[in-house]
Amino acid sequence: KPFAHDAAHGFHERREVQGLLLVGRVVALLFLFGLRRADLAQDLPELLVELFFLLGEMLQFEAGIKSDWLQGALSTQFSAYQIEHYNIRYQPDATNEPDVWAVRGKERSRGLEFTVSGRVAAGWYVRGGAGITHAEVVENLANRALEGKDLRDVARRTGNLFVRYAPSGPWYGELGVTHAGPRWANDANTSRMAGYSRWDALVGWRAAPWTVTAAVSNLFDKEYWRPGTSGLPGTPRSLLVSVNYQF
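What counts as what
- Going along each chain's sequence as written, the residues are numbered from 1 onward.
- Local features are withheld for residues below a pLDDT of 70 in this predicted model, meaning they are given only at 70 or higher, and side-chain atom pairs are given and counted only at 80 or more; totals for whole chains, interfaces and linings count all residues.
- Where side-chain values are given, they derive from all heavy atoms of the structure, hydrogens and water being excluded.
- The salt bridge definition used is simple: a Lys or Arg side-chain nitrogen within 4 Å of an Asp or Glu carboxyl oxygen.
- Each helix corresponds to a stretch of at least 4 residues labelled H or I by DSSP, and each strand to a stretch of at least 2 residues labelled E; elements are numbered beginning at the N terminus.
- Classification of residues uses two cut-offs on accessible area relative to the type maximum, computed with a 1.4 Å probe and protein chains only: under 20% is buried, over 50% is exposed, and between them is partly exposed.
- The contact rule is simple, with two residues in contact once any of their heavy atoms fall within 4.5 Å.
- Cavities and pockets were defined on a 1 Å grid built from protein atoms only: a cavity is a group of points that admits a 1.4 Å probe but offers it no way out, a pocket is an open group of points flanked by protein on both sides within 12 Å along at least five of seven lines, and a lining residue is one with an atom within 4 Å of any such point.
- Grid points are joined across faces, edges and corners, and a volume is the space filled by probe spheres set on the points.
- Amino acids are sorted into nonpolar (Ala, Val, Leu, Ile, Met, Phe, Trp, Tyr, Cys and Pro), charged (Asp, Glu, Lys and Arg) and polar (every other residue, Gly among them).

In this structure the tally under the stated criterion is ten salt bridges. Across the pair R152 and D187 runs a salt bridge whose closest N-O atoms are separated by 3.2 Å. With R152 in the loop between β6 (124-140) and β7 (157-165) and D187 in the loop between β9 (183-184) and β10 (192-193), this pair connects stretches of sequence that are 35 residues apart. The class for R152 is partly exposed, based on a relative accessible area of 37%. A salt bridge links D200 to R198, with the shortest nitrogen-to-oxygen separation between them at 3.0 Å. The class for R198 is buried, based on a relative accessible area of 18%. Sharing partners across several salt bridges, the network here consists of R127, R164 and E174.

If you want it as structure tokens, here you go:
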């Protein structure tokens, strides 16, 4: 999504949950928040105004629940959103009338997101999330045949989960997976790019003032197409070693 969450608004409620978790009792702090956001081309330099003219305008609605668990050590958030991209401009006849522009129509994305981050046990940490998105063309005056089609290069299912073990000693490590479902490669929805799951790993050593890390991206050398790049291949397996000295 193109926008970060604003500060949450709403009410606070403390709730005790019994049962499935081994800790027996979890104290959760819940609050609801709502967001309405419009991005309009106002009071911007001329160059940015022209850019907004070409790209159109966006309107976002979002609502969700954020919870703090295990005495604040673990945080989860669930949200539902809708993003509308409207007033999109195009040139009906770019060859003969290059200065004539018209409104093409509107695109809309709706989805659900879940995120989690924090400490689940002594030395164990998790971070990740999962999302379901439906992005479609609502109106396209330039090509009516595309109305109702999914937006290209947008996967309906995405997610990632990383688990880190960082005890009190100098060594720590992390293992995680990133997943993206299949997505359309063209506007007409006739060519599809396969989904993928990519694993990454990291091991580190710290002894103040030194920190040394070795990170492997794409641990199993998975071949895939990067999202949001219109068909560029994903990065093959790579190793990055870094040494930091703090003074």
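There is more to say, and it comes next.
Quick look at the side chain of N218 now. Relative to the helices and strands, N218 resides in the loop between β12 (210-217) and β13 (238-245). You can call N218 buried: its relative accessible area is 1%. Excluding its chain neighbours within four sequence positions, the residues that come into contact with N218 are R198, W199, D200, Y224, T235, P236 and R237.

The subject of this paragraph is unusual backbone geometry. Following A208, the chain continues into P209 via a peptide bond in cis, with omega recorded as 10°. Looking at the element boundaries, P209 is found in the loop between β11 (196-207) and β12. Unlike most non-glycine residues, D153 shows phi in positive territory, near 65°. When its relative accessible area of 13% is taken as the criterion, D153 is described as buried. The residue N218 is not glycine, and still its phi comes out positive at about 55°.

In this section: the layout of surface pockets. In this structure, the second largest pocket encloses a volume near 370 Å³. Looking at the lining of the second largest pocket, the elements that each hand over two or more residues are β5 (102-121) and β6. Sorting elements by how many residues they give to the lining of the second largest pocket places β6 first, with three residues. Residue composition of the lining of the second largest pocket, grouped by class: four nonpolar, three polar and seven charged.

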